[in-house]
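Summary of structural features
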Amino acid sequence: MPVPFESRRAPAYRDVPDEQWNNWRWQLSHRLNSAEEIGAIIELTDSERQALNTKGLFRVDITPYFISLIRPDDPNDPIRQQIIPRIEEMEAFTAMMEDSLAEDRHSPVPGLVHRYPDRVLMLVTTQCASYCRYCTRSRIVGDPAATFNRQEFELQLDYIRRTPQVRDVLLSGGDPLVLSPKILEELLSRLREIPHVEVLRIGTRVPVFLPMRVTDELTDMLQKYHPLWMNIHVNHPNEVTAELAQACDKLSRAGIPLGNQTVLMAGINDCVHIQRELVHRLVRIRVRPYYLYQADLVPGSGRFRTPMAKGIEIIEGLRGHTSGFAVPQYSIDAPGGGGKVTIQPNYVVSMSDHKIILRNFEGFISTYEEPTDYKPHDPKTCWYCQNKRPEPGQAGLTALLDGNDMFIKPEGFDDLRERSTLHHRLRDRESKWKPLGIGPGDSQED
Ligand SMILES: *Cc1c(COP(=O)(O)O)cnc(C)c1O
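The rules we used
Residues numbered from 1 in each chain as written. Predicted model: local features only at pLDDT ≥ 70, side-chain atom pairs only at ≥ 80, totals over all residues. Heavy atoms only, no water. 1 Å grid on protein atoms, 1.4 Å probe; cavity = no way out; pocket = protein on both sides within 12 Å on 5 of 7 lines; lining within 4 Å. Points joined across faces, edges and corners; volume = space filled by probe spheres on them. Helix = DSSP H or I, 4+ residues; strand = E, 2+ residues; numbered from the N terminus. Nonpolar A, V, L, I, M, F, W, Y, C, P; charged D, E, K, R; others polar. Domains from an automatic or database assignment. Buried < 20%, exposed > 50% of the residue type's maximum accessible area, 1.4 Å probe, protein only. Polar contact = N/O pair within 3.5 Å; in protein donor to acceptor, adjacent residues only side chain to side chain. Contact = heavy atoms within 4.5 Å. Core = buried A, V, L, I, M, F, W, Y, C linked by side-chain atoms within 4.5 Å. Near = heavy atom within 4 Å. Areas by Shrake-Rupley, 256 points an atom, 1.4 Å probe, with all protein chains shown as cover.

Turning our attention to empty space enclosed by the protein. Under the defined criterion, the tally for this structure stands at 1 cavity of 30 Å³ or more. In this structure, the largest cavity occupies an estimated 40 Å³ of space. Along the walls of the largest cavity sit Asn 260, Thr 262, Gln 275, Leu 278, Val 279, Pro 289, Tyr 291, Leu 292 and Pro 328, which together make up its complete lining. Mapped by element, the contributors of at least two residues to the lining of the largest cavity are strand E6 (258–263), helix H12 (272–284) and strand E7 (288–293). Of the residues in the lining of the largest cavity, the class split is 6 nonpolar, 3 polar and no charged.

Our next topic: the domain arrangement of the protein. For the protein, the assigned domains are domain 1 (1–341), domain 2 (349–401) and domain 3 (409–439). For domain 1 versus domain 3, the separation of C-alpha centres amounts to 52 Å.

Our next topic: the side chain of Thr 262. For Thr 262, the position within the fold is in strand E6. Note on Thr 262: relative accessible area 5%, which makes it buried. A polar contact of 2.7 Å, which involves the side chain of Thr 262, links it to the backbone oxygen of Val 234. Not counting the four nearest positions on each side in its chain, Thr 262 is found in contact with Val 234, Asn 235, Asn 269, Gln 275, Leu 278, Tyr 291, Leu 292 and Tyr 293.

Attention now moves to unusual backbone geometry. The bulk of non-glycine residues show a negative phi, and the bulk of peptide bonds are trans. Residue Gly 173 is joined to Gly 174 through a cis peptide bond whose omega torsion reads 20°. When you line up the elements, Gly 174 lands in the loop between strand E3 (168–172) and helix H8 (181–192). With an omega dihedral of -5°, the bond running from His 226 to Pro 227 counts as a cis peptide bond. Checked against the element boundaries, Pro 227 lands in the loop between helix H10 (216–222) and strand E5 (228–232). Even without being a glycine, Ala 102 presents a positive backbone phi close to 50°. Considering the arrangement of structural elements, one finds Ala 102 in the loop between helix H6 (78–83) and strand E1 (112–116). A positive phi angle is found at Arg 286, which is not glycine, with a value near 60°. Mapping Arg 286 onto the fold places it in the loop between H12 and E7.

Bringing the layout of surface pockets into the picture now. As a volume, the largest pocket reaches approximately 1,100 Å³. Contributing to the lining of the largest pocket are 46 residues, with Thr 136, Arg 137, Ser 172, Gln 261 and Tyr 293 lying nearest its centre. If you list the elements that add at least two residues to the lining of the largest pocket, you get E1, strand E2 (119–123), E3, strand E4 (199–203), E5, E6, E7 and strand E9 (339–343). For the lining of the largest pocket, the class distribution of residues is 21 nonpolar, 15 polar and 10 charged. Put simply, the second largest pocket is a space of about 280 Å³. As for the second largest pocket, its lining consists of 22 residues, and the residues nearest its centre are Val 124, Thr 125, Leu 179, Ser 180 and Ile 183.

Ile 38, Met 122, Ile 160, Val 169 and Leu 222 are the most contacted members of the largest nonpolar core, which has 88 residues in total. Counting residues per element, this core draws most heavily on helix H11 (residues 242–253), which supplies 5 residues. For Met 122, the contacting residues outside a window of four places in its chain are Gly 111, Leu 112, Gln 156, Leu 157, Ile 160, Val 169, Leu 170, Leu 171, Ser 172, Leu 187 and Leu 191. Formed by 12 residues, the second largest nonpolar core is a distinct cluster that contains Leu 264, Leu 292, Ile 315 and Val 327.

Once that is clear, we can look at the site of the ligand. Close contacts around the ligand come from Val 113, Arg 115, Tyr 116, Arg 119, Leu 121, Leu 170, Arg 201, Tyr 290, Tyr 291 and Lys 340, and that covers them all. Note that an oxygen atom of the ligand is positioned 2.5 Å from one of the side-chain N or O atoms of Tyr 291. When the ligand sits alone it has 390 Å² of accessible area, and the protein chains cover 88% of it. Listed by contribution, the elements that provide at least two residues to the shell around the ligand are E1, E2 and E7. Along the lines of polarity and charge, the residues of the shell around the ligand split into 6 nonpolar, no polar and 4 charged.

Have a look at this one:
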């Protein structure tokens, strides 16, 4: 039997009866948010105390369960850093942006982000069980006044209903699992009524911040809306507790495939060995590591940012070294609305017309002999090619490979060509600007 996971309760909560401690409503209503309350559980540093007393700070709220996971004698505890503000988080950094992923620009209706061809991100609340200091959506999250109302839900549902290419709807926020159970069920059932919506997904940190919220009642409700997938958000092995394990077990038994999204953060998990322990603990509780994210360029994340090389080093230390299903995709959400771009170490060393040279995780270099008599797939006789799903304006490089398009033009490219034709008449006179040695007739004179 593997070592069982820990269960912790800060000494200040020793006398709380179990029925209360394990009640999610009690946990939510006893969240900590002031220097006095938090200082009663852990000894605050000057920087933390100063931040907690600053106006304009991104919202602080911590469940008693989650704050209990902090080792109080370590000022750099990985859980502490995720939820307790430090004054440095108010500092701006180069390239910092409120909305670094340009989500607002990709929102056809409030709270609905349609960035990719076949799926949408539906923001259903601005509220969470606790608040991460590096929140990618801190421009709206935490503010109860900014949350979405019934009328906006109708607009979101309406957009999805009249956009048939949407086959996957990802509920996020804020945290969908802090919505009132009635509203959450109503949203899920309304989405299920739309015939082209095949898959529903929930992105949530509730199992991590508030595992007692995952009740039998909740999983009974969720499993009525299959296929339903869920991604949780765990950053450090210390977050994998007996309580999280139990919540994930309930969700898995309800048939919900579980994934995990981790944010790569300096001083928290920027270490191959921490990441390896994290993914091992996750697969033990049947959660598949999905993405390892580079920190976004948003306010608050400055002190957590790492160079991209750190992410590559971590994947280098996982791929081949451990179970393939325990290796997440390292992903950078490209600023300006570029969307997720996955990055990995280079495994293709070189190639010729019939051979590829590959290196494995150990540095063993090998060759793969390619077929010289490959008969290409014939799209004309393939039903799937003939009936492929259109991706208007977003097919990208696949459209080049398909043979329909020859190029992708950067914005303004045609204007530039236009200018060249306008200047066509000047070309002879300006022949001295021609690069030297371009053809046999060129000379160095003139
Ligand atoms: C991350 C994200 C998705 C989902 O992306 P997957 O790679 O399919 O998990 C969808 N829409 C937006 C706007 C996103 O940021």
